[in-house]
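Letter by letter, the chains look like this.
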Amino acid sequence: MSFRGAPMSMSSYSRGLIAVTVATVALSTAGLMTRLVSIDGPTLLFLRGFIAGLFLLACLAAMTRGRLLAAFLRLGWSGLLIAATSSACAILFIGALYTTSVAHVAIIFATCPFLAAGLGFLLLGERPGRVALMASGVALAGVAIMIGSGEEGALLGDLLAFAMTAMVALWTVLVRRHPDKPALPCTVVSCFLSAALTLPFATPLAVSSHDLVVVLCFGVLAFSLGFLLLTIGARDVPPVESALIGALDAPLAPFWVWLFVGYDPATTTLVGGAVVLAAVVGHVLMARRVTPLVVLPLDP
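Residues numbered from 1 in each chain as written. Predicted model: local features only at pLDDT ≥ 70, side-chain atom pairs only at ≥ 80, totals over all residues. Heavy atoms only, no water.

**Some details on the overall build of the protein**
Okay, so step 1: The helix and strand tally for the protein stands at 14 helices and 2 strands.
Okay, so step 2: Counting over 300 residues, the protein shows a buried share of 49%.
Okay, so step 3: Pairs at least 24 apart in sequence give 92% of the contacts found in the protein among residues at least 6 apart.
Okay, so step 4: Split by element, the accessible area of the protein, about 14200 Å² in all, is 73% carbon and sulfur. (Helix = DSSP H or I, 4+ residues; strand = E, 2+ residues; numbered from the N terminus. Buried < 20%, exposed > 50% of the residue type's maximum accessible area, 1.4 Å probe, protein only. Contact = heavy atoms within 4.5 Å. Areas by Shrake-Rupley, 256 points an atom, 1.4 Å probe, with all protein chains shown as cover.)

**Concerning the environment of Thr43**
Okay, so step 1: Its location among the elements puts Thr43 in helix α3 (residues 41-64).
Okay, so step 2: For Thr43, a relative accessible area of 0% gives the class buried.
Okay, so step 3: Spatially, the C-alpha atoms of Thr43 and Phe201 are 7.3 Å apart, while their sequence positions differ by 158 residues.

**Considerations on the packing of aromatic side chains**
Okay, so step 1: Across all of its chains, the model carries 3 aromatic pairs by this definition.
Okay, so step 2: Here the aromatic rings of Phe46 and Phe50 are separated by 5.8 Å at their centres, their planes lie at 10°, and the arrangement is stacked. Taken together, the positions of Phe46 and Phe50, both in helix α3 and 4 residues apart, correspond to about one turn of that helix.
Okay, so step 3: Residues Phe50 and Phe192 carry aromatic rings whose centres are separated by 6.3 Å and whose planes lie at 65° to one another, so their mutual orientation is edge-to-face. Within this pair, whereas Phe50 is found in helix α3, its partner Phe192 is found in helix α10 (residues 183-198), the two being separated by 142 residues in sequence.
Okay, so step 4: A relative accessible area of 36% means that Phe50 is categorised as partly exposed.
Okay, so step 5: Owing to a relative accessible area of 26%, Phe192 belongs among the partly exposed residues under this scheme.
Okay, so step 6: Cluster of aromatic residues (ring-pair linked, three or more members): Phe46, Phe50 and Phe192. (Phe/Tyr/Trp six-rings, centres within 6.5 Å; stacked < 30°, edge-to-face > 60°.)

Here it is in structure tokens:
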């Protein structure tokens, strides 16, 4: 028996949009974290990956109730590839923040929707919608305005930022192509892999108590939950749209620094950030109209 007027339930696409958006907000605090600590990049990456990995591993152990090994065995080679790609994204991102300006990282990362659209078309056969491509262009224009702040970048850092952007685009396509891979084990492997790769260059024993507390908070609350939500949400959202929402990092990253550290953003940063925000919010609202909430029947 079915009833009309049953409780409203969001479509998987709508849930994916929400998850990716919340994840982007959480992950956008990475720039703030680098400003609150005095440690080097490899040490930061090791501590963040190790702390986040332990936290998520404990969550996974509690959820699987003795079937922890089986959860990791479900990953397979494709799941390990997703984990390795996300680990590379984290390493390249922090490396770029330490070696070039935030503005340069932002403008390069804003090209991610175009790379994701191309990879999505080549590997998945998904044709990006006209609205998504238009919104991507507007977001790119907004970040280009932010470059007017006059910051100078370094060639090595710009190359790291471009490599990070390409890896994020590839990661969104891989997650979309293999939606059956468990999100939490993928994220745990990614965290420990980034920690293992950076350990030879890190000096964790020389970290002050203040820096350790900061990394602990960000590693658990921002990085762990952010990457988990991003892995979950990216399964139900086309790659170009996941990358487009990720462009919110451009205005949000300097905003957190301004709010907590007292960074005084240039006018161009404020204007460009507003353009990016408008592009993302406009696209999400239009997508919400196209994919409304659906009513699920209740059957006894």
